[in-house]
Amino acid sequence: MKNAERFTAMSTRVKGLRVSAFVLLALSAPLAAASPPQNDSGSPVQPLSPRPVQATGLSAVAQLGRKMFFDPSLSGSGKLSCASCHDPANAYAPANNLAVQLGGLDLQKSGVRAVPSLRYHEHTPNFTIGPNSSIPDFDPPPQDAAARPTDVKTASVAKADRNNAARAAAEAKVPQGGLDWDGRADTIQDQARGPLLDPNEMANKSQSEVIEHLRKSAYADDFRQLFGANIFDQPGLIIDEALFALVRFQTEDPSFHPYDSKYDAYLAGKAELNAAETRGLKLFEDPKKGNCSSCHIDKASRDGVFQPAFTDYQFESLGIPRNRDIAANQDPHYYDLGLCGPYRKDYAKSTSYCGLFKTPTLRNVATRKVFFHNGVFHSLDDVMHFYVEREIHAEKWYPKLANGDIDIYDDLPVKYKRNVDTVDAPFDRQKGDKPALNDAEIADIIVFLKTLNDGYKPDEASSAAQ
Amino acid sequence: MRQDLLKTVSACFASIVFAGASISSAFAGAANPDSLTTKYPIKHLVIIFGENESFDHYFGTYPVATNPAGEPSFTAAPGTPVPNNYQTNPNLLTANPNNQSANGAGATNPFRIDRAQAHTGSQNHSYGPEEEAFDNGKMDLFPKYTGAAGVYGTGTFNNTGLVMGYFDGNTVTALWNYAQNFAMSDTSFGTNFGPSSVGAVNVISGQTNGAEGFAAGSNVVNSGFSSLVADGVGGYTMYGDSDPHGDVCSSTTAATTTMTGKNIGDLLNAAGITWGWFQGGFDLTKTNSNGTTGCARSTTSATVGAYENDYVQHHQPFQYYASTRNERHLRPSSVAAIGSTDVANHQYDINDFNAALQAGNLPSVSFLKAPAIGDAHPGNSDPLDEQAFVVNEINLLQQSPEWQYTAVIIAYDDSDGWYDHVNNVLNPSTSTQDAYLGTQKCGPLGSTGYTNNVPPSNALVGVNGQPVNGRCGYGPRLPFLVISPYAQKNYIDHTVISQASVVRFIEDNWLNGQRILGSFDAVSGPIDNMFNFNQTPTRTLILDPNMGTVVSQTN
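Being a predicted model, the structure only gives us computed values, none of them experimental.

*Asks:* An account of the overall build of chain B is needed here, citing residue identities and associated values.
*Replies:* Broken down by element type, chain B carries 11 helices and 21 strands. The C-alpha atoms of chain B give a radius of gyration of 22 Å, which matches the 24 Å a tight globule of 555 residues would have. The dimensions of chain B, computed from C-alpha atoms along their principal axes, are 70 × 60 × 50 Å. Out of the 555 residues in chain B, the part that is buried amounts to 64%. Pairs at least 24 apart in sequence give 73% of the contacts found in chain B among residues at least 6 apart.

*Asks:* Got a sec to walk through the overall build of chain A? Specific residues and values, please.
*Replies:* The helix and strand tally for chain A stands at 15 helices and six strands. Among the 466 residues that make up chain A, the fraction classed as buried is 50%. Considering only residue pairs separated by 6 or more positions, chain A has 70% of its internal contacts joining residues 24 or more positions apart.

*Asks:* Kindly report on the sheet that holds strand β9 (residues 243-244) of chain B, identifying the contributing residues and their values.
*Replies:* All names here are of chain B. The mixed open sheet is built from three strands, whose spatial order is β6-β10-β9. The open sheet terminates on both sides in strands that have one partner only, identified here as β6 (211-214) and β9. Pairing geometry for β6 and strand β10 (residues 256-259), over four bridges, is antiparallel. Bridging across to β10, G213 finds its partner in T257.

*Asks:* Could you give an account of the nonpolar core, with specific residues and numbers?
*Replies:* In terms of nonpolar packing, the biggest core is built from 167 residues, with I47, A411, L481 and V482 of chain B touching the most fellow members. Setting aside chain neighbours within four positions, we find L481 of chain B in contact with L175, Y178, A179, F182, A183, M184 and I410 of chain B. Counting 42 residues, the second largest nonpolar core, distinct from the first, contains A91, V100, F371 and L449 of chain A.

*Asks:* Which residues make up the pairing of strand β21 (residues 550-554) of chain B, and what values do they have?
*Replies:* Residues and elements named next belong to chain B. Of all five residues making up β21, only zero are buried, and the element is barely covered by its neighbours. Here strand β20 (residues 540-543) runs beside β21; their pairing, made up of four bridges, is antiparallel. Opposite L541, over in β21, you have Q553 as the bridge partner.

*Asks:* Explain helix α10 (residues 235-252) of chain A residue by residue, including any values.
*Replies:* Since the α-helix packs 3.6 residues into each turn, any two residues three or four apart lie on the same face. When the terminal C-alpha atoms of α10 of chain A are compared, their 26 Å separation across 18 residues agrees well with the 26 Å that a helix rising 1.5 Å per residue should span. Extensive coverage of α10 of chain A is indicated by the burial of 16 of its 18 residues.

*Asks:* Lay out the packing of helix α13 (residues 380-389) of chain A against helix α14 (residues 439-450) of chain A with the relevant residues and their values.
*Replies:* Residue and element names in this part refer to chain A. Orientation of α13 relative to α14, taken along the N-to-C sense of each, is 130°, at an axis distance of 10 Å. Here α13 is positioned oblique relative to α14, judged by the angle of their axes. Crossing handedness for the pair α13 and α14: right-handed. From α13, L380, D381, M384 and H385 reach across to α14, where they touch I442, I445, I446 and L449. In terms of residue class, the contact of α13 with α14 is built from six nonpolar, one polar and one charged.

*Asks:* Run through unusual backbone geometry, naming residues and quoting values.
*Replies:* Residues and elements named next belong to chain B. For the bond from Y62 to P63, the omega torsion is 5°, close enough to zero to count as cis. Mapped onto the elements of the fold, P63 is located in the loop between α2 (55-59) and α3 (91-94). That bond from G473 to Y474 is cis: its omega, 5°, falls within 30 degrees of zero. As for its position among the elements, Y474 is in the loop between β16 (406-412) and β17 (480-483). Phi at N345 is positive, roughly 55°, even though this residue is not glycine.

*Asks:* If you had to explain the packing of helix α7 (residues 188-197) of chain A against α10 of chain A to someone new, which residues and values would you point to?
*Replies:* Residue and element names in this part refer to chain A. Where α7 meets α10, the closest approach of the two axes is 8 Å, and the angle between their N-to-C directions is 115°. Note on packing geometry: the crossing formed by α7 with α10 is right-handed. Across the interface between the two elements, I188, Q189, A192 and R193 from α7 touch L243, F244, L246, V247 and Q250 from α10.

*Asks:* Now, about the sheet that holds strand β15 (residues 365-369) of chain B: what can you tell me, with residues and values included?
*Replies:* Residues and elements named next belong to chain B. One open sheet accounts for eight strands, arranged β14-β11-β15-β1-β16-β17-β4-β18; its pairing is mixed. At either end of the open sheet lies a strand with only one pairing partner, and these are β14 (347-349) and β18 (491-493). Averaged over all neighbouring strand pairs, the angle between strand axes comes to 20°, with direction disregarded. The pairing of strand β11 (residues 275-279) with β15 spans five bridges and is classified as parallel.

*Asks:* Give a detailed account of the confidence of the model for chain A, specifying residues and quantitative values.
*Replies:* Do not read the fine detail of predicted coordinates wherever pLDDT is low. Residues and elements named next belong to chain A. Put simply, chain A has an average pLDDT of 82, and 78% of its residues get 70 or more. Considering only residues more than four positions removed or in separate chains, one finds that residues 1-55, a stretch of pLDDT under 50, has 120 contacts. The model gives residues 133-158 a pLDDT under 50, and that stretch makes 68 contacts with residues more than four places away or in other chains.

*Asks:* I'd like a description of the pairing of β20 of chain B, backed by residues and values.
*Replies:* The two faces of β20 of chain B differ: L541 and L543 of chain B on one face are buried, but T540 and I542 of chain B on the other face are not. The hairpin formed by β20 of chain B and β21 of chain B contains six residues between the paired strands, and G548 of chain B there has a positive phi angle of roughly 80°.

*Asks:* Could you give an account of the domain arrangement of chain A, naming the residues involved and the relevant values?
*Replies:* For chain A, the assigned domains read domain 1 (21-122 + 183-256) and domain 2 (260-466). Along the lines of polarity and charge, the residues of the side of domain 1 of chain A that touches domain 2 of chain A split into 11 nonpolar, seven polar and three charged.

What counts, and where the lines are drawn
- Residues numbered from 1 in each chain as written.
- Chains lettered and ligands numbered in written order.
- Predicted model: local features only at pLDDT ≥ 70, side-chain atom pairs only at ≥ 80, totals over all residues.
- Helix = DSSP H or I, 4+ residues; strand = E, 2+ residues; numbered from the N terminus.
- Rg over C-alpha atoms; globule rule 2.2 N^0.38 Å.
- Buried ≥ 20, exposed ≤ 12 C-beta atoms within 10 Å, placed from the backbone.
- Contact = placed C-beta atoms within 7 Å.
- Pairing = 2+ DSSP bridges.
- Core = buried A, V, L, I, M, F, W, Y, C linked by C-beta atoms within 7 Å.
- Expected span 1.5 Å × (residues − 1).
- Axes fitted to C-alpha atoms, helices over the stretch in contact; angles between N-to-C directions.
- Parallel < 35°, antiparallel > 145°, perpendicular 65-115°, else oblique.
- Left-handed = near helix turned anticlockwise from the far one by under 90°.
- Nonpolar A, V, L, I, M, F, W, Y, C, P; charged D, E, K, R; others polar.
- pLDDT = per-residue confidence, 0-100.
- Domains from an automatic or database assignment.

Encoded structure:
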């Protein structure tokens, strides 16, 4: 029941980004195998920018976006494209196992957060505190009010409280939506601006530099045809048109939302889950066991229009261990507080939001090489054990302090540790308790998670399953 | 005439059949539309009342479309007249007065919005900011005052210059094709400045004076709310949006409003003429495929990609009036009773219109408001979903036997704040909300001698017969099309009209030219010039609801 209720609430507030009809219907989008590009001398170079995926039926604007997506000349280094980190051959996520990716002018700088996949963002609602209102017809147009809750432990109350009224009140304070780990970009279009200008990523010094790259690009005439002959004389407009084109590629091209996993085939009645997958799904949904689907929604909307996103787009604090592989973390006073900063500034003083990050989709999670916002884990097995043993065996995950105590939630300042969710299963245990899931159950859940990988081929799978 | 006679006979037969169905009270005083004497050979008027588009936003480059590969293309017929737009004023595209530093980062010339970008954010369409954007007739501060950096949809620009964008015939394809084959005005204005509720009340009464406000959850009149402004003679004028008081779907946390004047429904009732307002989401008993019901029914579309609430209370103008409201959304007693007075009180769901049409029970006057997903309002709708709604309804009408006596008007409640280059302010106001000629001053260009809060002596009288404040107008220029077998073909009319011209046409056709006290109906021009009542009424134009392109046509 809880899942159903939560889903209903989620599905009615789904807000924001459109998707064309053929995208909703598209069930298969074979990716062309990326072959290494050649440099001027004809020898293979490091595949920083994989070849464009083959796509047909894209609008003129989307085709322009596709050219931009794979164009390394849009970066300050001339060597990074969107596709360098968002690799189409790896579900538009990095193909390597680095916690954070390298970029910048010298390709040696690194940011502080793991690169998310670009798949399945098309229904991400705009960032709000509490549910979105759906009709924006008020005067003046509604503004996002920066709520400043101070003493409400929103993250944990929201999911644990079985009293609907209390939960509804708590839900009203739960941050949700937006792109990036901290939801700071309202739309995919806004998100696309970030990497272009980030000194650790594509490292353009200014929007003017981006415009110069566009002016010199092979597709400059596409801009003139689609957006007017004077487009390069309108700096504000051309950036927005360029970002729009990038988004239009992501919106129209089915490879960004193929919905062709085994689980999708299972929901469509075209595949059956095997015994382990079935057990895994049950544990995934069981509120006393994995309780995963309370945040990672696994059901379609009732009318079937919206397939399961495997996220509720809400924010949570899970007390992820500090990742000492990240350069910034060498400073003991530095903390990545997600919604509270350092990238976002607007909720820096909302103490109950410090340490909260957005719940990602679990589609293609088994293809990821690193997990959570700081990429501290490298296997799903570690992730699952962390979930069920964080409280029971804290010593496995966190270092010892000088006095011998365990420095639990060591990636958060002491005052924000109270924001960590300790009330929802599987976190609702204490030292000495049994974990919510045993090793066999964890293995089953991981088997189930693999059914969320895109590109399921019914024929191959049935023979492989014999 | 012979066809009229035949229809009268068959309609009488229908009355006889239904007389035994114990719903005879439903027909108290209501006349069969086809047997009524009318000034013009129009027996059915259908007003499709859309949301939030300025004329230049939809027809800025008419009749020239860009025609990129892969989009529905549009090529104008030889001899197509060109309206007052960017084609006739090409400097507006290259040296627009809004491309100035006062508009900050939003300074830009008008630019094309692609079909792929149909889902945009909504602009600011408040009464005061619209007047400020008009800037004493210079029409040069739209990005500054009505521009909104869009955050809804992917087709938005994070820049107030979005307000300068326009669509062409590759996006608003159906409306351009209707303009090619029927009549359009390029001099139609919002009766006043202001948003949805103002436009909706104007299209059914031609006047917004005589408003009463209620605090949230209260039943005591207390008019000091943000959507109402003092009219200068002790009353209030509606200048902003608020929900109708008493509607079960209205907000319980915001102020609500009633209107005290007369509307066209009152006049039609007194004359026993059938009519109805048909709005998406009004039927609270229905459940949509996504499981939503009651006031929360919602619908999604491929373009918007999100669920939008079907019913928008402050878009339903008859709900503001005690005489015409249906507070609990009671259902009509039967399909045959639609249009006549019963418990539904002439307020229906859009599905009821289609049912009545298919049952041969089309009322004399019908106002249609799409479910929000199809109402054209940026943010919750878009031109492509609007097109699907409009084309489906007009196709249905053209395939009915009533078509030869029918006229469809496509009109809009407000401009959304989108840029348009024409102003035509005639009625003055000196309310606290006015700003066109200066602080608290709005009126024809060059007007002087106004005193703040004192209605100018030449302001139109309100519901008590005295000049009133809060109705500065005309406001922004809006699209207005007449689609009828009696419409002129490929014709652009320049008679200055407003939303109140719809009221005027109903009064002229059915009510011997009766007028409403305080209304702009008498001063707004007639729409007669868009018709040729001497032609044979056989023209049809069936369009593809998704592409807006021509499927078939007869002349």
